[in-house]
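Spelled out, the chains give:
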Amino acid sequence: MKNINVALIRLLQFVVFTLFTFIVLTYFSVLILLPLDIVVLISKGLSVIGFGTLFGAIIAVPVVAYLGKIVYTTPGLIQMLIDSGLDLVQTGKQRVDAFNKVVAQVK
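Quick summary incoming for the structure in this document. Just so you know, these numbers come straight off a predicted model, no measurement behind them. (Residues numbered from 1 in each chain as written. Predicted model: local features only at pLDDT ≥ 70, side-chain atom pairs only at ≥ 80, totals over all residues. Heavy atoms only, no water.)

1. Quick look at the side chain of Gln-13
With respect to the helices and strands, the residue Gln-13 is situated in helix H1 (residues 2-49). In this structure the side chain of Gln-13 is engaged in a polar contact, spanning 3.0 Å, whose partner is the backbone oxygen of Val-96. (Helix = DSSP H or I, 4+ residues; strand = E, 2+ residues; numbered from the N terminus. Polar contact = N/O pair within 3.5 Å; in protein donor to acceptor, adjacent residues only side chain to side chain.)

Given below as structure tokens:
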């Protein structure tokens, strides 16, 4: 019976590990892909108004670059975003390590 309990705990540990891995990868992917999405939205918005998509992209890239510069020069904002992601990593590691304590109690 102990082997079944240990196997079940290890399965749940793997599920929690994959969940937190997915969350962390999604968080950092959003940080990377958000400026690209804004470029696409601005260029599509300008194409709806009547400008071409290429012209919209030519306008959108400097606008997003300027917004990125504003975010980058805001004191502490980039570090806060990175620290939030690293806190997710630490929380996930703590949750996965907590399963090892449960396995030690079962054995």
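2. With respect to the nonpolar core
Counting residues in each nonpolar core, the largest one holds seven residues, listed as Val-6, Ile-9, Val-16, Phe-20, Val-96, Phe-99 and Val-103. Counting only elements with at least two residues in this core, the list comes to H1 and helix H3 (77-106). It is H1 that provides the largest number of residues to this core, a total of four residues. (Core = buried A, V, L, I, M, F, W, Y, C linked by side-chain atoms within 4.5 Å. Buried < 20%, exposed > 50% of the residue type's maximum accessible area, 1.4 Å probe, protein only.)

3. Regarding the pattern of salt bridges
Any two side chains of opposite charge can pair, given that their charged atoms come close. Summed over all chains, the structure comprises one salt bridge. A salt bridge links Lys-93 to Asp-97, with the shortest nitrogen-to-oxygen separation between them at 3.0 Å. Of this pair, Lys-93 and Asp-97 both sit in helix H3, four residues apart, roughly one helical turn. (Salt bridge = Lys/Arg side-chain N within 4 Å of Asp/Glu carboxyl O.)

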